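Structural description and commentary
Chain by chain, the residues:
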Amino acid sequence: MKLNKRTLAIATSLSLCSLGIGIGAASARDDQIIYQSGPIIPLEQIVRIVQSAYPNAQIEKIKLEREEERGLVYEIDLTNDRDIYINANTGQVFGTDED
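This report concerns the structure included in the present document. (Residues numbered from 1 in each chain as written. Predicted model: local features only at pLDDT ≥ 70, side-chain atom pairs only at ≥ 80, totals over all residues. Heavy atoms only, no water.)

1. Quick look at helix 3 (residues 43-53)
Under the convention used in this document: The buried label goes to any residue with under 20% of its type's maximum accessible area, the exposed label to any with over 50%, and the partly exposed label to all in between, with areas taken from a 1.4 Å probe on protein chains only. The numbering of helices and of strands both runs from the N terminus, where a helix is a DSSP run of H or I of at least 4 residues and a strand a run of E of at least 2. By arc we mean the arc of the directions from the helix axis to the C-beta atoms, nothing more.
Those residues of helix 3 not exposed but buried are Leu 43, Ile 46, Val 47, Val 50 and Gln 51. All buried residues of helix 3 project into a common sector of 140° when viewed along the axis, lining one side.

2. Structural notes on the sheet that holds strand 4 (residues 93-98)
Counted only if it meets this: Paired strands, as defined in this entry, are two strands with at least two bridges between them according to DSSP. The angle between two axes is taken between their N-to-C directions and runs from 0 to 180 degrees, where each axis is a line fitted to C-alpha atoms and a helix contributes only its stretch in contact. Pairs of residues are marked as contacts when any of their non-hydrogen atoms sit within 4.5 Å.
Within the open sheet, the four strands sit side by side as 1-2-3-4. Their pairing is antiparallel. Either end of the sheet is taken by a strand with one partner, and the two such strands are strand 1 (59-67) and strand 4. Recorded for the sheet is a direction-independent mean angle of 20° between the axes of neighbouring strands. Where strand 1 lies against strand 2 (residues 71-78), eight bridges are found, and the strand directions are antiparallel. Following the sheet pairing, Glu 67 is matched in strand 2 by Gly 71. In the packing of helix 3 onto the sheet, contacts are made with strand 1, strand 2, strand 3 (82-87) and strand 4, and the angle to strand 2 comes to roughly 50°.

See below:
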């Protein structure tokens, strides 16, 4: 899977939109959730983690979600009908699902 600026820009937009954060649309609550969760792994690094684990798959969608037990989690949908879940604070892959 090749990382290019267009893919990264789309993935970043998707991540921010999944939290309800668009250009000029961030709320104080969104900022508070992110701040309270601590520093998160940059999206570029998350994409590299996915690429190394699944080099033949393409990323379809990336969402950044808040889960009760795990905090902020990247959910990455791949073209091979697999979803990967990565802790946004540590970069640890903690689960995969096949659709």
